[in-house]
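Residue-level structure breakdown
So the chains spell out like this:
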Amino acid sequence: MKIQEYTITGNCPSKSNCYKVIRLGNRCSLGKQKHLKSYENSFMLQMSEYKYDLIEGNFKFIIDVYYDSRRPDLDNSLKVVLDCLQKSGAIKNDNKCLEIVAKKHLDKENPRVKFSILPL
């Protein structure tokens, strides 16, 4: 089986810092900030350029995240990417991820994520 590698350009935001409290009438809720919405839209557009089959079962996720600074935490970006993969239709549900191999890198000129999804 040939492993497909995907590359999505852009600085992956941290899931923990991407929400703000918004008022909905008499109650409050969490809303996505603009930079998370922008990244999700860019992710969907870039994923649409790839051909892939929906992975419905368990899978292994291998990812290299290239940040523009050393500040972000690697684990916070994983959830953003997995959520985007589910939204784009590459995976049925991110709870089917049984194994993650993740590496953090620094590339100020070209922040991006490179990843592979291996069905188990």
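Residues numbered from 1 in each chain as written. Predicted model: local features only at pLDDT ≥ 70, side-chain atom pairs only at ≥ 80, totals over all residues. Heavy atoms only, no water.

1. A few points about the pattern of salt bridges
One pass over the structure, following the stated rule, counts six salt bridges. Across the pair Glu-99 and Lys-60 runs a salt bridge, and its minimum N-O distance is 3.6 Å. Here Lys-60 lies in strand β4 (residues 59-67) and Glu-99 lies in strand β5 (residues 97-106), a separation of 39 residues in the sequence. Its relative accessible area of 22% is what places Lys-60 among the partly exposed residues. (Salt bridge = Lys/Arg side-chain N within 4 Å of Asp/Glu carboxyl O. Helix = DSSP H or I, 4+ residues; strand = E, 2+ residues; numbered from the N terminus. Buried < 20%, exposed > 50% of the residue type's maximum accessible area, 1.4 Å probe, protein only.)

2. Side note on the packing of helix α1 (residues 34-47) against helix α2 (residues 74-88)
Contact pair α1 / α2: the axes reach a minimum separation of 10 Å and the direction vectors enclose 50°. Here α1 lies oblique to α2, going by the angle between them. By crossing handedness, the relation of α1 to α2 is classed as right-handed. Taken together, the residues of α2 that come into contact with α1 (itself represented by Leu-36, Tyr-39, Glu-40, Phe-43, Met-44 and Met-47) are Val-80, Val-81, Cys-84, Leu-85, Lys-87 and Ser-88. Residues that form the contact of α1 with α2 fall into these classes: nine nonpolar, one polar and two charged. (Axes fitted to C-alpha atoms, helices over the stretch in contact; angles between N-to-C directions. Parallel < 35°, antiparallel > 145°, perpendicular 65-115°, else oblique. Left-handed = near helix turned anticlockwise from the far one by under 90°. Contact = heavy atoms within 4.5 Å. Nonpolar A, V, L, I, M, F, W, Y, C, P; charged D, E, K, R; others polar.)

3. Focus on the sheet that holds β4
Taken together, the four strands give an open sheet; going across it, the order is β1-β6-β4-β5, and neighbouring strands pair in mixed fashion. Strands with a single pairing partner mark the edges of an open sheet, and in this sheet they are β1 (5-9) and β5. Pairs of neighbouring strands in the sheet enclose a mean axial angle of 15°, with direction left out of account. The pairing of β4 with β5 spans nine bridges and is classified as parallel. Looking at β5, one finds that Lys-60 is bridged to Glu-99. Contacting β4, β5 and β6 (112-119), α2 crosses the sheet at an angle of about 120° to β4. (Pairing = 2+ DSSP bridges.)

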